[in-house]
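One-letter residues, chain by chain:
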Amino acid sequence: MPFIPETALEIDPVWLEEGLSAAFPGVRVRNVELLERHEVTNSHARISVDYRDAAGAPEILFCKLLPTDPEHRAAIVATGMGLQEARFYERLAPNVDIRVPEVHVARSDPESGAFILVMQDLVTTGCTVSDGAESVSVDAASVALEDLARLHVRFEDPARRNAEAPWVQPPAPASDYGTVRLQYGLDHHRDRLTPAFATMAELYVAERDALHAAWAEGPTTVIHGDAHIGNLFNDDGRVGFLDWGIIQASTPLRDVGYFLCMSLSIEDRRAHERALWRHYLDARKAMGGAPVDWDEAWTAHRVHASYLAPASCQIVTFPEVTNEPRQRFADAFLARASAAIEDLEAHAAVSAAAGL
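Worth saying up front: this structure is predicted, and the values here are computed from it rather than measured. In this numbering scheme, every chain counts its residues from 1 along its sequence in written order. Predicted model: local features are reported for residues with pLDDT of at least 70 only, side-chain atom pairs are reported and counted for 80 or more only, and whole-chain, interface and lining totals are derived from all residues. To obtain the side-chain values, all non-hydrogen atoms of the structure were used and water was disregarded.

Visitor: Would you mind showing me how to read the overall build of the protein here?
Guide: Secondary structure elements follow DSSP: runs of H or I of four or more residues count as helices, runs of E of two or more count as strands, with numbering from the N terminus. The number of helices and strands found in the protein is 13 helices and 9 strands. In this description the radius of gyration comes from C-alpha coordinates, and the expected globular size is given by 2.2 Å times residues to the power 0.38. For 356 residues, the compact-globule estimate of 2.2 N^0.38 gives 21 Å, and the C-alpha radius of gyration of the protein, at 21 Å, lies within 12% of that figure. Along the three orthogonal principal directions, the C-alpha set of the protein runs to about 65 × 50 × 35 Å. Contact definition: two residues touch when any of their heavy atoms are within 4.5 Å. Long-range contacts, defined as pairs at least 24 residues apart, comprise 70% of the intrachain contacts of the protein with a sequence gap of at least 6. Only the protein chains shown count as cover for residues, and all accessible areas are computed by the Shrake-Rupley method using a 1.4 Å probe. When the accessible surface of the protein is split by element, carbon and sulfur atoms take 50% of a total near 16000 Å². We score Asp and Glu as negative and Lys and Arg as positive, and we do not count His or the chain ends. For charged residues, the charge sits on one atom: NZ in Lys, CZ in Arg, CG in Asp, CD in Glu. Taken as two groups, the 31 positive and 53 negative side-chain charges of the protein have centres that lie 2 Å from each other.

Spelled out as structure tokens, the structure:
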């Protein structure tokens, strides 16, 4: 198994040169400088590379690895998210017509759970990532839905999915992670939650498994699984998709609903969600996808809006955050989720779907 650096400091010229050689034949690396490093869900770093011969390789690269804190590292390894994302870039991204970061090195070790991605640095290539308050425009969302439709239609045939992406599996059984945190939010911060959100959170805590079963209903394909505003980037007006760690085999209707609720502004979603849903359904049809009628799609949109409660489970514990950008993101995330749960009457929709 090739060596996988545990931290960005272990990315030396020899390792980077070998890693980049497949994408940039003839590349020769003289020196690597760590520019910055941040610990978020994973460890993120930007490096500057001094080349003897660049062979077209970028001077600035972005790297994603497991977090360095042992407890956090073990928790992320247990999720398998890093391995999933590395597999996506190694095996699927080159053949999927969807805007994703250009990844030049993708390595993973199934035994240890270690992984590393060395990719396009979005900042220096002119792309932007929202701080949470900035939303995807309606026009950009329309194109992004066409990209999602291409992904969904490509893998809706089980034979093709098994041939090209057998490692993409249905969601794992639900854990107590979301219920514990939602209950904490209800117990300690209910006054900071909207009534509709609190009611939806209570239903999830009480009927978690029934709700997960309802969310699994519908056609199955490969989906991104987590297409909220923080996992997207803007490339001159085109939406790109980041963070493929929750890639899974599930209903494409979940992807679409989550994207619309959690990437558009609340006002744009209210005004345009029906038209954008119809646009997605038309795009699927034009690409030869299995038909999904309007009533099925709209019901699914309302049902999957209920997922926004557990999706917000970390935020509703309201941890003390000294980082202003992270607080701004959390506030915007919860506002979108709360509005969609109420507007779409998600509690009633998922209760009916789950037979509660």
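Back to the write-up after that little detour.
Visitor: How should the pattern of salt bridges be read in this particular structure?
Guide: By salt bridge we mean one thing: a side-chain nitrogen of Lys or Arg within 4 Å of a carboxyl oxygen of Asp or Glu. Within the structure shown, the criterion is met by 22 salt bridges. A salt bridge links aspartate 176 to arginine 208; the shortest N-O distance between them is 2.7 Å. With aspartate 176 in the loop between helix 5 (158-164) and helix 6 (177-189) and arginine 208 in helix 7 (residues 195-215), this pair connects stretches of sequence that are 32 residues apart. Exposure remark for arginine 208: the relative accessible area of 15% places this residue in the buried category. When the shortest N-O distance is used, the salt bridge between arginine 269 and aspartate 343 registers 2.6 Å. Separated by 74 residues along the polypeptide, arginine 269 in helix 9 (residues 266-286) and aspartate 343 in helix 12 (residues 324-343) bring together distant segments of the chain. Working definition: with a 1.4 Å probe on protein chains only, accessible area under 20% of the residue-type maximum means buried, over 50% means exposed, and in between means partly exposed. Classification of arginine 269 by relative accessible area gives buried; the value is 1%. One network of salt bridges, with partners in common, ties together Asp97, Asp147, Arg150 and Arg238.

Visitor: What is the right way to look at the packing of helix 6 against helix 7 in this model?
Guide: The relative placement of two packed helices is expressed as an angle between their axes plus a distance between the axes. At their nearest, the axes of helix 6 and helix 7 sit 9 Å apart, and the two run at 140° to each other. Looking at the two axes, helix 6 sits oblique to helix 7. Seen along the crossing, helix 6 lies across helix 7 with a hand that is left-handed. Seen from helix 6, the contacting residues are Gly178, Thr179, Leu182, Gln183 and Leu186; seen from helix 7, they are Phe197, Ala198, Ala201, Glu202, Tyr204, Val205 and Arg208. Axis definition: a line fitted to C-alpha atoms, limited for helices to the stretch in contact. Angles are taken between N-to-C directions and run from 0 to 180 degrees. The labels follow the angle: roughly parallel below 35 degrees, roughly antiparallel above 145, roughly perpendicular from 65 to 115, and oblique for the rest. Helix crossings get a hand from a simple test, with the near helix turned counterclockwise from the far one by less than a right angle marking a left-handed crossing and a clockwise turn marking a right-handed one.

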